[in-house]
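If you want the building blocks of each chain, they are given just below.
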Amino acid sequence: MALSKHLNADQLMQSAKDHKGHIHSSTAHTAVSAYGGRYGTDPIPKYKLPSKGVDADAAYQLIHDELSLDGTPSLNLASFVHTWMPKQADQLMIENISKNLIDQDEYPMTQVIHTRCVSVLADLWHAPSSAQAIGTATTGSSEAIQLGGLAMKRIWQEKRKAAGKSIHEPGPNIVMGANAQVALEKFARYFDVEMRLVPISEASNYCLDPKLAMNYIDENTIGVYVILGSTYTGHYEPVKEMAALLDEYEARTGHSVPIHVDGASGGFVAPFATPKLDWDFKIPRVVSINASGHKFGLSYVGVGWVVWRSKQFLPKDLIFELHYLGSVEYSFSLNFSRPAHPIIAQYFNFIHLGFEGFRNVALQDLKNARLFSRALEKSGLFVVLSDIHRPVQGIASAAKAALGFDESDIENYKPGLPVVSFRFTNEYKQNHPDVQQKWVQVLLRAKGWIVPNYELAPNMEDVEILRIVVRENVTATMVDRLVADILEIVDGLSTTNNPTHALAILQSRKTVEGHHGRLEEGSGSKYNGTYSRQC
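Residues numbered from 1 in each chain as written. Predicted model: local features only at pLDDT ≥ 70, side-chain atom pairs only at ≥ 80, totals over all residues. Heavy atoms only, no water.

## Brief notes about the side chain of Arg370
Line of reasoning, step 1. Mapped onto the secondary structure, Arg370 falls in helix 12 (residues 341–379).
Line of reasoning, step 2. Not counting the four nearest positions on each side in its chain, Arg370 is found in contact with Ile388, His389, Glu407, Ser408, Ile410 and Tyr413. (Helix = DSSP H or I, 4+ residues; strand = E, 2+ residues; numbered from the N terminus. Contact = heavy atoms within 4.5 Å.)

Put into structure tokens, the structure is as follows:
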């Protein structure tokens, strides 16, 4: 049995405290801080409400210090969630933090801003008419995906009833790649829809294979989830190809199967970075799209969006008419009360950045992702699974024949998210069979970086990958340091095949800039055994 199973940290801390004459029960978990002497606070119970409150300053400082044990958001390269906004956006959010979006009669201008955001997205995603499109803010893409799925399910049910067919036997199903994010699986499980997962492969870019997906579609398929930006590798699933196959299927069988595009990340990248790519409402079979404003929409966490190409794809019985607080209001979200400030922050981004600003951010993110990808491949230690640094097929050979290849032109590269997924090369694993890739994650965390190591989706779960998300705050300077830290860690592991050896090199950071202004070993006087001398 592991040592940690014998020792209980809470019990140890309780027994180690100063006690007055008797031992207190270890179940009386309390938080004690030196600030108690300054603010005059008693120990605060951790897991039950204190009988008396504490001074606001003391409460703030205690919680502030506990939260300092969290990771640094700017170094959290595991998350797609945006972590920075201008101070003016912060101020707007603070000014409106008490507003409830659902109170449309009380906060009419907030509702106007919400409607403007929906119209902006409908236009950005090429809805046939932004005036006829309908949509709503959500807590994030998870809620938005549920709403998109519910609308498709209800339309399927209405068609089955009109045809005199059962909606229960064999029941509805929905098709998606095995790489689907958990939110898509939640829809199927929560709303009683059979989930049909299409196996992934290296040939399908580790995501949905449209041709293989057709083997899973029948008259009970309510729709296909197509992901614009796989969370595993950043690849865009081929919406246009999937739609074309479904067009052929409908012509052959008479069964119309719609597409919902999960653009949680890609919905705010593709329109700006690769506007020529066909993936949105320009494709008639795409009936709804979701996106996360708090990802590449560059807002703080708490805002997502779902938009339907027109009102006909959002069944009326999913829209609730509310006679509430003196007015008639309409709601078609899973939540009722919802903070308004994330929507206001999203609108701030729309008018502050505009198309050009969003495009500049997306292009810079992709540029830094390409920089990181190339550095990893040139090291000879890693295979990069993502493709955003690779030229579009045909361009690479043409570039060799032509004079010069513009590496800064995004149109020359395969489209995708600024995500880099990588793993050890087969050669490295053969030469160092005892080195586990997950040690890189642990040792990077010791340097402050949060980089996940995990298995690919089902059917390829034997492949482990490391993955980073290049967000706006991940600069070329940070990429330089990250690459240096990864190479240093892997070099240490290669030397001894033991992660403890790599701990000895954590104190040094060999970066491109590391030699500037740095004194070499031996530049100072000889160490005399003390750290300081008295004056």
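## Quick word on the packing of helix 5 (residues 87–95) against helix 12
Line of reasoning, step 1. It is the contact of helix 5 with helix 12, at a shortest axis distance of 9 Å, that shows an interaxial angle of 150°. When the axis of helix 5 is compared with that of helix 12, the two are roughly antiparallel. For the pair helix 5 and helix 12, the crossing hand works out as right-handed. Residues Gln88, Ala89, Leu92 and Met93 of helix 5 form the contact with helix 12, whose own contacting residues are His341, Pro342, Ile344, Ala345 and Phe348.
Line of reasoning, step 2. Across the contact of helix 5 with helix 12, the residue classes tally to seven nonpolar, two polar and no charged. (Axes fitted to C-alpha atoms, helices over the stretch in contact; angles between N-to-C directions. Parallel < 35°, antiparallel > 145°, perpendicular 65-115°, else oblique. Left-handed = near helix turned anticlockwise from the far one by under 90°. Nonpolar A, V, L, I, M, F, W, Y, C, P; charged D, E, K, R; others polar.)

## Digging into the sheet that holds strand 15 (residues 464–469)
Backbone-to-backbone hydrogen bonds join strands into a sheet, with any given pair of strands oriented parallel or antiparallel.
Line of reasoning, step 1. The strand order 12-13-15-14 describes an open sheet built from four strands, whose pairing is antiparallel. The open sheet has two edge strands with one neighbour each: strand 12 (382–384) and strand 14 (453–455). Taking the axes of each pair of neighbouring strands and ignoring which way they run, one obtains an average angle of 40° across the sheet.
Line of reasoning, step 2. As paired elements, strand 12 and strand 13 (residues 419–424) share three bridges and run antiparallel to each other. Following the sheet pairing, Val384 is matched in strand 13 by Phe422.
Line of reasoning, step 3. Those strands touched by helix 15 (residues 438–446) are strand 13, strand 14 and strand 15, and its axis lies near 35° from that of strand 15. (Pairing = 2+ DSSP bridges.)

## Let's talk about the nonpolar core
Nonpolar side chains tend toward joint burial in soluble globular proteins.
Line of reasoning, step 1. Counting 90 residues, the largest nonpolar core has Met242, Phe372 and Phe422 as its most contacted members.
Line of reasoning, step 2. Counting residues per element, this core draws most heavily on helix 12, which supplies ten residues.
Line of reasoning, step 3. Among residues more than four places away in sequence, those in contact with Met242 are Leu208, Pro210, Ala213, Met214, Ile217, Val224, Val226 and Ile259.
Line of reasoning, step 4. Counting residues in each nonpolar core, the second largest holds 26 residues, with Ala144, Ile145, Ala183 and Val306 among its members. (Core = buried A, V, L, I, M, F, W, Y, C linked by side-chain atoms within 4.5 Å. Buried < 20%, exposed > 50% of the residue type's maximum accessible area, 1.4 Å probe, protein only.)

## Quick word on the sheet that holds strand 5 (residues 194–198)
Line of reasoning, step 1. Read from one edge of the open sheet, seven strands run 3-9-8-7-6-4-5, paired in mixed fashion. Each end of this open sheet is capped by a strand with a single partner; those strands are strand 3 (134–138) and strand 5. Across the sheet, the mean angle from the axis of one strand to that of its neighbour is 20°, orientation sign disregarded.
Line of reasoning, step 2. In this structure, strand 4 (residues 173–177) lies alongside strand 5, joined through five bridges in parallel fashion. Within strand 5, the residue paired with Gly177 across the bridge is Val198.
Line of reasoning, step 3. The strands that helix 8 (residues 182–190) touches are strand 4, strand 5, strand 6 (221–227) and strand 7 (259–262); relative to strand 6, the one it contacts most, it runs at about 165°.

## A closer look at the pairing of strand 4
Line of reasoning, step 1. Among the five residues in strand 4, five count as buried, and that is most of the element.
Line of reasoning, step 2. Where burial is concerned, the two faces of strand 4 agree: the one with Asn173, Val175 and Gly177 and the one with Ile174 and Met176 are both buried.
Line of reasoning, step 3. Between the parallel pair strand 4 and strand 5, the chain is carried across by helix 8, and the sense of this crossover is right-handed.
Line of reasoning, step 4. Bridge count for strand 4 against strand 6 is three bridges, and the pairing is parallel. Along strand 6, the bridge assignment pairs Asn173 with Thr221. (Right-handed = clockwise from strand over helix to strand, strands pointing away.)

## Some words on the environment of Ser74
Line of reasoning, step 1. Residue placement: Ser74 occurs in the loop between helix 4 (56–67) and helix 5.
Line of reasoning, step 2. Residues contacting Ser74, with those up to four places away along its chain left out, are Thr83, Arg471, Asn473 and Met478.

## Quick notes on the confidence of the model for the protein chain
Line of reasoning, step 1. Overall, the predicted model of the protein chain reaches an average pLDDT of 89, with 84% of residues at or above 70.
Line of reasoning, step 2. Confidence drops under pLDDT 50 across residues 22–27; counting only partners more than four residues distant or on other chains, this segment forms five contacts.
Line of reasoning, step 3. This stretch, residues 529–535, has a pLDDT under 50; its non-local contacts, to residues over four places away or in other chains, come to one contact. (pLDDT = per-residue confidence, 0-100.)

## A short note on the packing of aromatic side chains
Line of reasoning, step 1. Scanning the entire structure with this criterion turns up 14 aromatic pairs.
Line of reasoning, step 2. Aromatic pair Phe187 and Phe191: ring centres 5.7 Å apart, planes at 35°, arrangement tilted.
Line of reasoning, step 3. With a centroid separation of 6.3 Å and an interplanar angle of 25°, the aromatic rings of Phe268 and Phe358 are classed as stacked. Of the two residues, Phe268 is situated in the loop between strand 7 and helix 11 (270–273) and Phe358 in helix 12; the sequence distance between them amounts to 90 residues.
Line of reasoning, step 4. Using a relative accessible area of 2% as the deciding quantity, one classes Phe268 as buried.
Line of reasoning, step 5. Overall, Phe358 belongs to the buried group, its relative accessible area being 3%. (Phe/Tyr/Trp six-rings, centres within 6.5 Å; stacked < 30°, edge-to-face > 60°.)

## Considerations on the packing of helix 6 (residues 108–124) against helix 12
Line of reasoning, step 1. Across the interface, helix 6 lies against helix 12 with an axial gap of 9 Å and an inter-helix angle of 50°. It follows that helix 6 is oblique to helix 12 by the angle criterion. Considering how the two elements wind past one another, helix 6 and helix 12 form a crossing that is left-handed. Here helix 6 contributes Ile113, His114, Arg116, Cys117, Val120, Leu121 and Leu124 to the contact with helix 12, which in turn contributes Ile343, Gln346, Tyr347, Phe350 and Phe355.
Line of reasoning, step 2. Looking at the contact of helix 6 with helix 12 residue by residue, the classes come out as nine nonpolar, two polar and one charged.

## A short note on unusual backbone geometry
Backbone geometry follows two general trends: most residues other than glycine have a negative phi, and most peptide bonds adopt the trans configuration.
Line of reasoning, step 1. Look at the link from Glu169 to Pro170: it is a cis peptide, with omega at 0°.
Line of reasoning, step 2. Of note, Pro170 is situated in the loop between helix 7 (141–162) and strand 4.
Line of reasoning, step 3. One non-glycine residue, Asp192, lies in positive phi territory at about 55°.
Line of reasoning, step 4. Note on placement: Asp192 falls in the loop between helix 8 and strand 5.
Line of reasoning, step 5. We note that Asn205 has phi near 60°; this positive angle belongs to a residue other than glycine.
Line of reasoning, step 6. Within the secondary structure, Asn205 sits in the loop between strand 5 and helix 9 (210–213).

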